[in-house]
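Here is what each chain is made of, one letter per residue.
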Amino acid sequence: MSDLTQQKCEACRADAPQVSEQELAELMRDIPDWVPQVRDGVMQLEREFKFKNFKLAWAFSNQVAELAEAEFHHPSILLEWGKVTVTWWTHAINGLHKNDFICAAKTDALLK
Ligand SMILES: C[C@H](O)[C@H](O)[C@H]1CNC2=NC(N)=NC(=O)C2=N1
C-alpha cells in the first residue's frame, strides 16, 4: 500500500500549483492502474472498475462518494451495469493536485 493512502487532502486553493511532470511520473508509480488524460484541456486521473452486476457497482460508487465527503475532494463517478468509472481532478486549479493522487490511492484501497 503506498503512503498516499495514509495522507489527507488539503483544502483546494485556486492558487495551488498543479503537479509538475516529474511529480506526475513519481506519483503515477503509486497508482499504476490509473490513466492520466487531458479532457477539455484539464489533466485528470481515470480508472475503470469492473463488477459482476449493477448492485455491486452501485455499492462501490457509494463507497467512493463517502471517501470524497471524508476528504472534501470530489470525483466524477460514472455508474453503469458492472462498471464504475472514477475520474479525479482538482476543479479549483483545472488540473492535477497531490490531493487527486491521494484520493486515487484511497479509491484503490476500497477494494482491499
Ligand atoms: C467549492 C469547491 O468545489 C469546494 O471547495 C471543493 C470541494 N470539492 C472539490 N473537489 C475537487 N475535485 N476539486 C475541487 O477544487 C474541490 N473543491
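Look up a bit, the structure's there.
Computed from a predicted structure; not experimentally measured. (Residues numbered from 1 in each chain as written. Predicted model: local features only at pLDDT ≥ 70, side-chain atom pairs only at ≥ 80, totals over all residues. Heavy atoms only, no water.)

Asker: Before we go on, may I ask you to explain the nonpolar core in this structure?
Answerer: Across soluble globular proteins, nonpolar side chains show a tendency to be buried alongside one another. Ranked by size, the top nonpolar core spans 26 residues in total, and within it Ile31, Trp34, Leu45, Val86, Trp88 and Phe101 carry the most contacts. Elements with a contribution of two residues or more to this core: α1 (21-28), β2 (42-50), α2 (54-71), β4 (83-88) and α3 (98-109). If sequence neighbours within four positions are ignored, valine 86 has contacts with Trp34, Leu45, Glu46, Arg47, Phe49, Phe60, Val64, Pro75, Ser76 and Thr107. (Core = buried A, V, L, I, M, F, W, Y, C linked by side-chain atoms within 4.5 Å. Buried < 20%, exposed > 50% of the residue type's maximum accessible area, 1.4 Å probe, protein only. Helix = DSSP H or I, 4+ residues; strand = E, 2+ residues; numbered from the N terminus. Contact = heavy atoms within 4.5 Å.)

Asker: What's the story with α3 in this structure? I'm lost.
Answerer: Given 3.6 residues per turn, any residue in an α-helix points the same way as the ones three and four places further on. The terminal C-alpha atoms of α3 lie 17 Å apart, and with twelve residues this matches the ideal 16 Å at 1.5 Å per residue to within 8%. For α3, a buried count of ten out of twelve residues is recorded, marking the element as mostly surrounded by other parts of the structure. Elements that come into contact with the buried residues of α3 comprise α1, β2, α2 and β4. (Expected span 1.5 Å × (residues − 1).)

Asker: What exactly am I supposed to notice about the pairing of strand β1 (residues 35-39) here?
Answerer: The two faces of the sheet receive side chains in turn, since in a regular strand these alternate between them. Where β1 lies against β2, five bridges are found, and the strand directions are antiparallel. Looking at the pairing, valine 38 lines up with methionine 43 of β2. The hairpin turn running from β1 into β2, its antiparallel successor, is two residues long, and aspartate 40 in that turn takes a positive phi close to 50°. (Pairing = 2+ DSSP bridges.)

Asker: Please clarify how the site of the ligand should be interpreted in this entry.
Answerer: Every residue near the ligand is listed here: Cys12, Phe72, His73, His74, Trp89, Thr90, His91 and Ala92. Histidine 74 places a polar side-chain atom, nitrogen or oxygen, 2.8 Å from a nitrogen atom of the ligand. Within the contact set of the ligand, an oxygen atom lies 2.9 Å away from a backbone nitrogen or oxygen of alanine 92. For the ligand, whose free accessible area comes to 390 Å², the fraction covered by protein is 67%. (Near = heavy atom within 4 Å. Polar contact = N/O pair within 3.5 Å; in protein donor to acceptor, adjacent residues only side chain to side chain. Areas by Shrake-Rupley, 256 points an atom, 1.4 Å probe, with all protein chains shown as cover.)

Asker: I'm lost on the packing of aromatic side chains in this one. Help?
Answerer: Tallied over the entire structure, the rule returns four aromatic pairs. For the pair phenylalanine 51 and phenylalanine 60, a centre-to-centre distance of 5.1 Å together with 40° between the ring planes defines the contact as tilted. Arranged with centres 6.0 Å apart and planes meeting at 50°, the rings of phenylalanine 54 and tryptophan 58 form a pair that is tilted. Residue phenylalanine 54 and its partner tryptophan 58 are located together in helix α2, separated by four residues, close to a single helical turn. Among the aromatic residues, those joined into a ring-pair cluster are Trp34, Phe49, Phe51 and Phe60. (Phe/Tyr/Trp six-rings, centres within 6.5 Å; stacked < 30°, edge-to-face > 60°.)

Everything listed here is a matter of geometry and, on its own, says nothing about what the molecule does.
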